[in-house]
Amino acid sequence: MRYRTIGTDPRTRREVSVLALGAMRFGSLTDEKTSFAVLDRYVEAGGNFIDTSDNYAFWTDGGQGGQSEELLGRWRRSRGIGDEIVLATKLGARPLAPGTDYVDNPEGLSAKVIREASERSRERLGVERIDLLYAHIEDRAVAPGETVGAFAELVAEGAVGLLGVSNHAIWRVERARALAAAAELPGYEVLQYHHSLLRPRSDIPSGLFPEGGLGAATGELVSYLGAEPGLTLVAYSPLLGGGYGRRDKPLPSDYDHPGNAARLTVLQEVAKETGATPNQVVLAWQIGGELPVIPLAGASSVAQLDENLAAADLELTPDQRARLDAAH
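Every value quoted in this text rests on a predicted model; they were computed, and no experiment measured them. (Residues numbered from 1 in each chain as written. Predicted model: local features only at pLDDT ≥ 70, side-chain atom pairs only at ≥ 80, totals over all residues. Heavy atoms only, no water.)

Asker: Please set out unusual backbone geometry residue by residue, giving values where relevant.
Answerer: As a rule of thumb, non-glycine residues mostly have phi less than zero, and peptide bonds are mostly trans rather than cis. A57 follows Y56 through a cis peptide bond whose omega is -5°. With respect to the helices, strands and loops of the structure, A57 is situated in the loop between β4 (49-51) and α2 (67-79). One non-glycine residue, S237, adopts positive backbone phi at about 50°. Within the secondary structure, S237 is located in the loop between β9 (232-236) and α7 (258-274). Judged by its relative accessible area of 36%, S237 is partly exposed. Phi at L240 takes a positive value of approximately 55°, unusual for a residue other than glycine. You can see L240 is positioned in the loop between β9 and α7. (Helix = DSSP H or I, 4+ residues; strand = E, 2+ residues; numbered from the N terminus. Buried < 20%, exposed > 50% of the residue type's maximum accessible area, 1.4 Å probe, protein only.)

Now the structure itself:
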């Protein structure tokens with residue numbers, strides 16, 4: 001396993017594995033025995049960067065989530081896990097009541113919610129400090145300064161290490177970071193967005209993003225990452241839910257556009273040349289790029305995890321990487 005640094009402050013920065021493990025389904029769609037086996041194998045292979053959220057997985061039972069954090073807490077206690085494992089969680093998108101969701105009834109990013117939700121996450125995870133805490137979705141009803149100040153208080157108290165942001169318009173990320181810098185407070189250093197070799201259409205509105213796809217790593221986000229060397233992109237859903245290799249998992253409809261046909265052709269060519277699977281090529285392309293990208297991939301079995309882990313050692317040639325970059 002290889003590692004990279006996230007964060008810039010010596011007091012909070014961490015060395016994390018180049019492949020993060022997503023725990024979204026653990027404790028709900030993936031049973032405890034399987035979840036524990038995947039977690040054990042990930043750590044055995046040198047992985048140390050695990051991602052969850054306080055709302056995972058509310059949609060499986062119509063509740064409010066918390067199953068994933070609770071399972072990770074049980075796993076930590078049963079294995080004697082300490083701070084050698086970097087845990088990241090998110091807040092802001094937990095439904096306020098069963099039967100609702102983050103579009104119509106999210107907890108939001110007020111100072112009160114940030115403090116109370118982070119306390120509940122620490123209790124479920126069984127930790128005194130959350131290594132990395134994200135603002136999960138936007139809350140335009142709360143002034144950015146309130147959110148910035150509330151996160152900074154948790155860092156100052158030692159309850160949180162690094163700060164991250166997910167699924168926000170980039171102008172709002174920059175506004176929050178500028179406010180934090182002006183006040184000499186810690187700001188967002190890790191950005192978690194959807195990112196993969198294939199690119200979704202960005203003009204399709206959704207309940208969360210009526211303006212279009214703000215949750216995907218657009219060219220603007222990639223440009224921002226290149227201009228801010230202290231930032232790291234954690235790329236969620238890099239394998240498109242199995243869409244690269246499983247016939248029973250077709251690509252989402254917003255990936256059905258001409259540009260992706262050329263990318264898929266080059267991907268298949270590189271996979272054949274390397275003897276790797278398309279999934280492994282996609283992960284290796286992210287891991288070995290010039291910009292700091294850490295793919296965040298879930299696994300519902302040890303076999304799936306082993307396929308992903310092999311990508312950490314896959315070296316693409318400059319020619320292969322150039323072809324993947326240029327395909328459109």
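Asker: Go over the packing of helix α3 (residues 111-125) against helix α4 (residues 144-156) with me, naming the residues and quoting the values.
Answerer: Their axes nearest at 8 Å, the elements α3 and α4 cross at an angle of 30°. One element, α3, and the other, α4, form an angle in the roughly parallel class. Note that α3 runs across α4; the crossing there is right-handed. The segment α3 lies against α4, with A111, I114, R115 and S118 engaging E146, T147, A150, F151, E153 and L154. For the contact of α3 with α4, a count of residues per class yields five nonpolar, two polar and three charged. (Axes fitted to C-alpha atoms, helices over the stretch in contact; angles between N-to-C directions. Parallel < 35°, antiparallel > 145°, perpendicular 65-115°, else oblique. Left-handed = near helix turned anticlockwise from the far one by under 90°. Contact = heavy atoms within 4.5 Å. Nonpolar A, V, L, I, M, F, W, Y, C, P; charged D, E, K, R; others polar.)

Asker: Give a detailed account of the sheet that holds strand β7 (residues 160-166), specifying residues and quantitative values.
Answerer: Around the barrel, eight strands lie side by side as β3-β4-β5-β6-β7-β8-β9-β10; this closed barrel has parallel pairing. Mean inter-strand twist for the sheet, computed between neighbouring axes without regard to direction, equals 30°. Note: β9 against strand β10 (residues 293-298), four bridges, orientation parallel. When the bridges of β10 are listed, L233 appears paired with V293. Sheet contacts for α3: β5 (86-91) and β6 (130-135); angle to β5, the most-contacted strand, approximately 140°. (Pairing = 2+ DSSP bridges.)

Asker: Got a sec to walk through the packing of aromatic side chains? Specific residues and values, please.
Answerer: All told, the structure shown has four aromatic pairs when counted by the stated rule. On the basis of an interplanar angle of 75° and a centroid distance of 6.0 Å, the ring pair of Y56 and W59 is categorised as edge-to-face. When its relative accessible area of 9% is taken as the criterion, Y56 is described as buried. Measuring from centroid to centroid gives 6.0 Å for F58 and Y102, while their planes differ by 85°, and the two rings are edge-to-face. Taken as a pair, F58 in the loop between β4 and α2 and Y102 in the loop between β5 and α3 lie far apart in primary sequence, 44 residues in all. (Phe/Tyr/Trp six-rings, centres within 6.5 Å; stacked < 30°, edge-to-face > 60°.)

Asker: So what about the packing of helix α5 (residues 170-182) against helix α6 (residues 219-227)? Which residues, and what values?
Answerer: Direction vectors running N to C along α5 and α6 enclose 30°, while the axes themselves pass 10 Å from each other. One way to sum up the angle between α5 and α6 is to call them roughly parallel. Taken together, the residues of α6 that come into contact with α5 (itself represented by I170, V173, E174 and R177) are E220, L221 and Y224. Its residues assigned to classes, the contact of α5 with α6 shows four nonpolar, no polar and three charged.

Asker: Please provide a residue-by-residue account of helix α10 (residues 318-326), values included.
Answerer: For the α-helix, the turn length of 3.6 residues means that residues three or four positions removed from each other point alike. Those residues of α10 that sit buried are Q320, R321 and L324. Burial along α10 is one-sided: seen end-on, the buried residues are contained in an arc of 95°. Where the residues of α10 are buried, they touch α7 and α8 (278-287). (Arc of directions from axis to C-beta.)

Asker: I'd like to hear about α7, residue by residue, with values.
Answerer: When the terminal C-alpha atoms of α7 are compared, their 25 Å separation across 17 residues agrees well with the 24 Å that a helix rising 1.5 Å per residue should span. Buried residues of α7: G259, N260, R263, V266, L267, V270 and A271, and no others. The arc that holds every buried residue of α7, seen down its axis, measures 140°, which confines them to one face. When the buried face of α7 is taken as reference, the exposed residues oriented beyond 90 degrees from it are P258 and K272. Buried residues belonging to α7 abut α8 and α10. Just downstream of α7 lies G275, where phi reads positive at about 75°. (Expected span 1.5 Å × (residues − 1).)

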